[in-house]
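# Remarks on the overall topology
Take a look at the letters that make up each chain.
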Amino acid sequence: MTVLDLLGADDATDVVPPVVELRGAARQFPGDPPVNALHPADLQVRAGEYLSVVGPSGSGKSTLLNLLGLLDRPSSGEYLVDGIPTAQAGERERAAVRAQHIGFVFQAFHLLPHRTVLENVLLATIYSGVPRTERRDRAAEALDRVGLTHRLDFRPTVLSGGERQRTAVARAVVSQPRVLLADEPTGNLDSESSAAVLELFDELHADGLTLLVITHEDDVSARAQRRVRITDGHLRELA
Amino acid sequence: MTGLVGAVVEAWDELRLHKMRVLLALIGVAAAVTAITAVTAAVEMLAQGFTEQDERFNGRQVTLSVDAWATSPDVQADTAALDATYATALERYGITYASRDMYTQVPFRFPGGTRPTETRAVDPDLGVMQRIGVTEGRWFTDADLQTFAPVVVVNEVFLESLGVSGLASRPTVLLGDASPVRATIVGVTPRMWQGEGPSVFVLYDQLARWYTPADPEWGPTVPSLKVWVPPEAADDLAPRLQRDVVAALPGWEVQINDNRSMGSSGLDGAARWVALGVGAFALFLGGLGLVNIALVTVRHRIREIGIRRSFGATSGRIFFGVLMESVVATVVAGVVGVVLAVAVVKNIPVDFLFGGGIQDMPPFPVSAAAVGMVCATAVGALAGLLPATVAVRVKVIDAIRY
């Protein structure tokens, strides 16, 4: 008899919490009239899933990303990361969840120009509790994973767009987060670099990483196994 | 502790990356720390100069002076008994430094004729007790007490009046009028003020041996006794000395004076605070410059702060990080400032500037360096507060959209 049997669960999904879960989460910005950027939404993303959120400009994609990345709080409802409720959590606790569970990839890369590629990747380990003695090795491994071993000591300013985004991906995964949030990851890349980054995402997904990609490009969205469309703040699962 | 070390390391790393910014921000702070440290050190050295100057006139702390004077012109002084009393007292109370001291006029023969000259009859210890320095030759030693012919230490004016340019020719001078004795000049004291007349130091016993003054108009005189004693013993010793001397000089008035109330300590008070005030104001101005540059820098680093926050940096960590950058920077500036101050103070002729004659030049005071470092750290912390507060208020969402 297994633990699941004891709990009377049908399968593991009933007891293992989703990596990210919105429960009626909404975001309203005050004003006259107030703006409902995200209407009450339910969303579950389980470990190992590759989900894309697609929608046009102004549809609420960024609002959703900010909530999912714990950069903002829902006006109502709850948001759980690995089963941890975060909507009412303190700033320190949310920062800890962000550091240990979430990795970010931004459209504009957001690398620190004065730091080397290695130092940029190393940055994320500072806050996620990686011991000081392991940080450099972990960063080098992450850069090896994205094929940038030959660029460790370069400044981001001399890298191509594709290399910068791969550096950003290495930085996002170096702390082994539970979910990778990517905001328009190919928005600033040419088609060749875009393809390389998407290929990298496929590989990370194949390795078991949970990915949530927000994009306005249908072809990027199509790479995911699950797709959600956001329109005027309403989430709708696509077939 | 690990967090603090980590924050310091991170702060140092940031500063290393932004050398030019740091350099610009810290020039003013380093200069102000140099000023405040150098002034603090200079004031301490100046205080030493003033202390020594006081000690030349009044003796080292605490010098007790046993003065006796005849209550009428008819009383006599048994100087032999007095000397014996002095000797017994010194031995009984374990006094290491003591000197008889008598101001008198003694005739010396100059090229223009014999003329009475201001003379001080003393013992060799007075040289240490009153920091009597010589520009040439030497002060008296105990060996001089054994010489038959007198030796004298004269001032520069005396030597000039004698028509002698230095001690190389082993100059001598005739002491006394009716039957003078030839005294050897062994040392020359510096000229202390303009218009100073010739003066001489002579060993008390030698003067007593070779010269008997005419009866003074104001009655008999005896030498004072000066003793240099530890401050804690002075109060206890004074009445005992007085009692002993009274017993040896019946009919004489005996008074004990000590030099604790003499001299000035004004330099330790007002002058020091004025100097520190000027330095503090300079540091304040340097700190303002630092705040200005730090604020501009934080505004340029808004995106970086947002990125750090998105990867899990707490607002407290951001605040502490920015604050520590300022503190570490000013500590570095403080070290530079203190090193510069040491270099300046060690390489300027402080002794000359203070009028010369400082015998025990104090080492660069650690307290001055400590004051400089404390000021640097404090100004770094204060200057870091504002930019750290601005950094914490950065909205992550806005920062990464910036």
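Up top is the structure.
Residues numbered from 1 in each chain as written. Chains lettered and ligands numbered in written order. Predicted model: local features only at pLDDT ≥ 70, side-chain atom pairs only at ≥ 80, totals over all residues.

Next up on the list: the environment of Ala376(B). Residue and element names in this part refer to chain B. With respect to the helices and strands, the residue Ala376 is situated in helix H12 (residues 366–392). Along the primary structure Ala376 and Ala329 are separated by 47 residues, whereas in three dimensions their C-alpha atoms are 9.1 Å apart. Ignoring anything within four residues of it in the chain, the contact list for Ala376 reads Val29, Val33, Thr330, Val331, Ala333, Gly334 and Gly337. (Helix = DSSP H or I, 4+ residues; strand = E, 2+ residues; numbered from the N terminus. Contact = placed C-beta atoms within 7 Å.)

Residues and elements named next belong to chain B. The geometry of helix H3 (residues 79–92) relative to helix H7 (residues 231–248) is characterised by a closest axis approach of 9 Å and an angle of 155 degrees between their N-to-C directions. Here H7 runs roughly antiparallel to H3, going by the angle between their axes. The way H3 lies across H7 gives a crossing that is right-handed. Along its contact with H3, which presents Ala81, Leu82, Thr85 and Ala89, the element H7 presents Leu241, Asp244, Val245 and Ala248. Counted by class, the contact of H3 with H7 contains six nonpolar, one polar and one charged residues. (Axes fitted to C-alpha atoms, helices over the stretch in contact; angles between N-to-C directions. Parallel < 35°, antiparallel > 145°, perpendicular 65-115°, else oblique. Left-handed = near helix turned anticlockwise from the far one by under 90°. Nonpolar A, V, L, I, M, F, W, Y, C, P; charged D, E, K, R; others polar.)

Here we take up the nonpolar core. One finds Val121(A), Leu180(A), Leu211(A) and Val33(B) to be the most contacted residues of the largest nonpolar core, which totals 118 residues. Broken down by element, the residue count for this core peaks at 15 residues, all from helix H2 (residues 19–58) of chain B. The residues touching Leu180(A), leaving out its near neighbours within four places in the chain, are Gly103(A), Val105(A), Ala172(A), Val173(A), Leu204(A), Leu209(A), Thr210(A) and Leu211(A). Membership of the second largest hydrophobic core comes to 44 residues, among which are Leu225(B), Val227(B), Val229(B) and Leu249(B). (Core = buried A, V, L, I, M, F, W, Y, C linked by C-beta atoms within 7 Å. Buried ≥ 20, exposed ≤ 12 C-beta atoms within 10 Å, placed from the backbone.)

All right, on to the sheet that holds strand E7 (residues 179–183) of chain A then. All names here are of chain A. In spatial order, the strands read E6-E7-E8-E3-E9-E10; together these six strands make up an open sheet with mixed pairing. Looking along the sheet, the strands with just one partner apiece sit at the ends: strand E6 (102–105) and strand E10 (234–238). Strand after strand, the sheet turns through a mean of 20 degrees between neighbouring axes, direction not considered. In terms of strand pairing, strand E9 (residues 226–231) meets E10 through five bridges, oriented antiparallel. When the bridges of E10 are listed, Val228 appears paired with Glu237. (Pairing = 2+ DSSP bridges.)

Residue and element names in this part refer to chain A. On the secondary structure map, Arg145 appears in helix H5 (residues 132–145). For Arg145, a count of 18 C-beta atoms within 10 Å translates into the label partly exposed. Sequence separation of Arg145 and Leu200 is 55 residues, and the distance between their C-alpha atoms is 9.1 Å.

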